[in-house]
Amino acid sequence: MASVAQPAGHAGPATQTVARPATKKNIGFWSWITTVDHKRIGLLYGITAFAYLLIGGIEALVIRSQLIAPNNDLVSLEKYNQFFTMHGTTMIFLAVMPLSSAFFNFIIPLQIGARDVAFPRLNAFSYWVFFFGGLILSLSWLANAAPNQGWYGYAPLTEKGFNIGRNVDFWALGLQVLGIASIAASLNFIITILNMRAPGMTLMRMPLFTWTTLITSILIVMAFPAITIALALLSFDRFAGTSFYIPYIYDEATRQVVARGGDPLLWQHLFWIFGHPEVYILILPAFGIVSEIIPVFSRKPLFGYAVMVYATATIAFLGFGVWVHHMFTTGLGPTPNAVFAASTMLIAVPTGVKILNWTSTMWGGQLNFTTPMLFSTALVSQFVIGGISGVMHGSPPIDSQHNDSYFVVAHFHYVLFGGSIFALLAGTYYWFPKFSGRMLDERLGKWHFWVTFAAFNITFFPMHFLGLEGMPRRYGTYGEGSGLQLWHVVSSVGSYLLGFSFLIFMYNVAVSLQRGKKAGNDPWDGATLEWTIPSPPPVYNFATVPVVRHRDPLWEEKYAKYEGEGHAEEETLETTIAGIKIGEGQVPDEDALEQAERRAAADDEHNIHLPNPSYWPLVTALGVFLAAFGLIFSYPRIPIGALDLPLYTAAGLLVLVAGVYGWSLEPAS
Amino acid sequence: MATAVELERAHGAGHGDDHGHADHPPTSTGLDHRKLLMWAFLASDCMFFGSLIATYMIYRGRAEDLGFAPFPSEILDIPYTSLSAFVLLMSSLTMVLALAAIQKGDHRGLRIWLAATALLGAIFLGGQYFEFTEFYHEGLSLQTNMFGASFFVLTGFHGAHVTIGVIWLLTLLFLSLRGGVKQEDSLDVELAGLYWHFVDIVWIVIFTLVYLIPYDEVTETQTGAFTYLAGILRGVASIF
Ligand code: HEM
Ligand SMILES: [Cu+2]
């Protein structure tokens, strides 16, 4: 076998020039509408989701302003319901999930050495369906019928008998549409990660962010069906007169209460079978991001990589077996409560392992507290606070006190804001150079960090006290002499400061896009493949497909020290970075080299293949949107045979079918 | 200039060995992207059916409990549905033959067996349509009781799957008649086949749970947690 030390297409700044594929019309509005480039789709996700983050933030500020004084009447209580429902729904489905998607889209193909995702048009479709799902939810404000039943939508509050307007329909159909987007995107990422890794990148050489993306995608694909069915049954109740979640109705004619046999608890089961995996869908990408950042700024490889992977998988698996901890107070009885309390406590173990691994990664490292590192370490500490309160209400007797109180509000903000949002901000500072070619300003970044960190704790820590003092969740008011006002005021002031911190961030982005330091390929001395290519990357990402021989391929490339004279394959290569040994290099196996050669041959022959832009994903997504829209505004109607369909739904289905056929038969020559 | 489909495949790679274009780079797993996609989708679809089956298992006894006729035992016609289940099962056989034909380059065989599969699927759907109208005349509707609601939603969801399958098969037949399905495109047929077999298998599960296993008063009238947990676990487990 030939020398293995310098395989043909090694990871590293590609020097080989390749004929650039013809890309006509690759700037301008329509090129973005029809784009199938994962990087552009990633940016679209990021920008849209950030807009929703701001909207959700403004909704939160309204909530906090209402609660700053007892008996306040800034908004009516009905409007207050709409604000907290839309705040939760927006943050979870329209901000945090799609922000994670933005990173999946932009970063994953780069991290695995691929030129795009497995199904570029499906990717565009996912974005557009997400966009329309968000639009449906947002339109509810214009129709003066914003959802008002809480993000968990407990029956029978969602039933026609209690909620006659369109509020719930906007919510149910908006979420259905978003579910389609999430499942489609996740299927795409599962296949991309399994099938498009660069030669030599075995599963256990994948960067941790790639791992958490894979596992999150599997969670989405397996968990979303439960809520899809739950919502479909709800819509049957509302549109078709079934009573899946209705135990009794009042019969006008006989003036009697009649049993129907449905059960609101079924909703809770189905919702939380989705809902608990959902919280991991929100947090695992965040864990992946900090697992990339902490090693780079500790200048040490991730401690316990394999354990990290197994912990992630264990969390995901156990995540399907703990849903009843959201239902401890529904009277399921001592046995289910005990079983689910145990499984809930169990899930804290792999979570604790991760915390340990991050701290051990930093231990003895050369720490460099740049802004991404600050946000990452903040995640570690703040998530611990949220995790501990989580384990506390994992105990049924304690949860009976916490349930529906502000204490729970404190818990999930520590995990969601202190966890997910901190990590997403860390990721933004870390990868912004790759997105844009320029660095975010570090001085502003540090200001941003410290204001956010302080404001976050001022806002949310007092909520623990409020909850223990008896402040219930979802109440838009409290009494004069209740003794609750002090902490409410502190919390509200904190929230204004938190709002301000986002202004610093946006200012930083605006300034840095103009005047930021040029990033170059590898501004952080990174370890993974995305730093081997220019910033921003060319459309085809990699001029030459890299070959991966190490878990930290770029570090191996930069710091490998070959011992001995020749580069014979028996010899181990030892990689040290900043004097610390980061491990023995693995010699590439023959399969990998062969794959690399075949790929190189394919490249030569056809240059680089890139998928053509396409309108069909948008058309198909538009069909989905119209169909859902028609169900919400059920008039005008159109009779088709025995069916009596809402006009927009019928039109939407036609567009959908046309889209699917146009897509699968698309001739582009 | 190459077509978009070709570009996407070439770019996506993994068309691999059965295609005869050895120059396409291999995929990491050696499996084609689209095949892997179909498998992942079917895993997800299991959870859709699992949730609906769980709902059915939880609610099917409620009609009897509350005395709201018609009850499952009165109305379900096992011999009739056995026949339509048999028809659907046979369609899996013809589907296998269709795939085998195109893999051998036998276009006539492909068309015959695709048509046969679609026809058998359509017969099944006709049977379901007849069953639904019959039930409706006997007084069972979505709104009558919990059995009706969960029965129609579950079997209707399955029927929608069969309908999509039939449309897919007819599309392939149409494309084949226009010469659009080549021997090296056998994967197109294989994907439809995977989907079709899955829909068949799910029907076996539904047929067993809904039609064959009688509602057992003793174990199911208890209320509370275990009804749900047992129902949900059984629903999800049954599908694997
Ligand atoms: C150590 C891990 C965790 C444990 C043991 C835990 C435990 C719990 C428990 C028992 C509840 C129910 C409290 C109640 O309503 O009475 C709860 C609620 C909640 N948790 Fe966690 N949790 C953990 C991690 C997370 C993570 C990672 C997230 C999201 C990123 C999260 C988000 C939420 C949310 C949103 C709720 C409120 C749901 C609602 O609206 O009722 N949790 N958690
Ligand atoms: Cu939970």
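Keep in mind that this is a model prediction, so the values were computed, not measured. (Residues numbered from 1 in each chain as written. Chains lettered and ligands numbered in written order. Predicted model: local features only at pLDDT ≥ 70, side-chain atom pairs only at ≥ 80, totals over all residues. Heavy atoms only, no water.)

A. Inspection of the overall build of chain A at higher detail. Looking only at helices and strands, chain A features 18 helices and seven strands. Burial statistics for chain A: of 669 residues in total, 61% are counted as buried. Counting contacts in chain A only where the partners sit at least 6 residues apart, residues at least 24 apart contribute 79% of the total. A total of about 24,900 Å² of accessible surface is found on chain A, and carbon and sulfur atoms cover 66% of it. (Helix = DSSP H or I, 4+ residues; strand = E, 2+ residues; numbered from the N terminus. Buried < 20%, exposed > 50% of the residue type's maximum accessible area, 1.4 Å probe, protein only. Contact = heavy atoms within 4.5 Å. Areas by Shrake-Rupley, 256 points an atom, 1.4 Å probe, with all protein chains shown as cover.)

B. Broad picture of the pairing of strand S2 (residues 256-259) of chain A. All names here are of chain A. In this structure, strand S1 (residues 248-251) lies alongside S2, joined through four bridges in antiparallel fashion. Counted as the bridge partner of aspartate 251 is glutamine 256 from S2. Turn length for the S1-S2 hairpin, with the two strands adjacent in sequence and antiparallel, is four residues, and the turn residue arginine 255 shows positive phi of about 55 degrees. (Pairing = 2+ DSSP bridges.)

C. Molecular detail of the site of ligand 1. Residues and elements named next belong to chain A. Ligand 1 sits among 22 residues. The nearest are Trp151, Asp399, Asn403, His411 and Arg473. At a separation of 2.9 Å, an oxygen atom of ligand 1 approaches a polar side-chain atom of tryptophan 151. Histidine 411 is positioned such that a nitrogen or oxygen atom in its side chain is 2.9 Å from a nitrogen atom of ligand 1. For the shell around ligand 1, the secondary structure elements donating two or more residues are helix H7 (264-298), helix H10 (371-392) and helix H12 (406-436). (Near = heavy atom within 4 Å. Polar contact = N/O pair within 3.5 Å; in protein donor to acceptor, adjacent residues only side chain to side chain.)

D. Summary view of the coordination of the iron atom of ligand 1. All names here are of chain A. Coordination of the iron atom of ligand 1 by the protein comes from a single atom, His411 (NE2), at 2.2 Å. A separation of 4.6 Å is found between the iron atom of ligand 1 and the copper ion (ligand 2). Looking at the secondary structure, you find histidine 411 in helix H12. (Donors = N, O, S within 2.8 Å, 3.2 Å for Na, K, Ca; no water.)

E. Broad picture of the packing of helix H5 (residues 78-103) of chain B against helix H6 (residues 107-137) of chain B. Residue and element names in this part refer to chain B. At their nearest, the axes of H5 and H6 sit 8 Å apart, and the two run at 160 degrees to each other. Taken together, H5 and H6 sit at an angle that is classed as roughly antiparallel. Of the two possible hands of crossing, H5 and H6 adopt the one that is left-handed. Class assignment of the residues belonging to the contact of H5 with H6 gives a composition of 17 nonpolar, eight polar and one charged. (Axes fitted to C-alpha atoms, helices over the stretch in contact; angles between N-to-C directions. Parallel < 35°, antiparallel > 145°, perpendicular 65-115°, else oblique. Left-handed = near helix turned anticlockwise from the far one by under 90°. Nonpolar A, V, L, I, M, F, W, Y, C, P; charged D, E, K, R; others polar.)

F. Structural view of the coordination of the copper ion (ligand 2). Residues and elements named next belong to chain A. Binding of the copper ion (ligand 2) to the protein goes through His276 (ND1), His325 (NE2) and His326 (NE2), at separations of 1.9 to 2.0 Å. Within one chain, the residues donating to the copper ion (ligand 2) are spaced in sequence as H-x48-H-H. Under the relative-accessibility criterion, histidine 325 is labelled buried at 12%.

G. Inspection of the pattern of salt bridges at higher detail. The full count for this structure, using the stated rule, is eleven salt bridges over all chains. For A:Arg474, the salt bridge is made with A:Asp404, and the minimal N-O distance between the two is 3.0 Å. Separated by 70 residues along the polypeptide, A:Arg474 in the loop between helix H13 (442-468) and helix H14 (485-515) and A:Asp404 in the loop between helix H11 (396-402) and H12 bring together distant segments of the chain. On the basis of relative accessibility, which here comes to 25%, the residue A:Arg474 falls in the partly exposed class. By relative accessible area, which is 32% here, A:Asp404 ends up partly exposed. Between B:Lys35 and B:Glu190 there is a salt bridge, and its shortest N-O distance comes to 2.8 Å. Residue B:Lys35 is found in helix H2 (residues 33-59), and its partner B:Glu190 is found in helix H8 (residues 186-212); the two are separated by 155 residues along the sequence. One connected set of salt bridges, linked through shared partners, spans A:Arg299, A:Asp522, A:Asp525 and A:Lys558. (Salt bridge = Lys/Arg side-chain N within 4 Å of Asp/Glu carboxyl O.)

H. Looking closely at the packing of aromatic side chains. Under the counting rule described, the total for this entry stands at 76 aromatic pairs over all chains. With a centroid separation of 5.0 Å and an interplanar angle of 85 degrees, the aromatic rings of A:Phe271 and A:Trp272 are classed as edge-to-face. Aromatic pair B:Phe147 and B:Phe151: ring centres 5.6 Å apart, planes at 40 degrees, arrangement tilted. On the criterion of helical spacing, the pair formed by B:Phe147 and B:Phe151 is a turn pair, its members being four residues apart in helix H7 (residues 146-177). Across the pair, exposure class does not vary: B:Phe147 and B:Phe151 are buried alike. (Phe/Tyr/Trp six-rings, centres within 6.5 Å; stacked < 30°, edge-to-face > 60°.)

I. Representation of the pairing of strand S7 (residues 643-646) of chain A. Residues and elements named next belong to chain A. Two elements, strand S6 (residues 637-640) and S7, share four bridges in a ladder whose sense is antiparallel. Bridged to isoleucine 638 within S7 is leucine 645. What sits between S6 and S7 in their antiparallel hairpin is a turn of two residues, with glycine 641 showing a positive phi close to 60 degrees.

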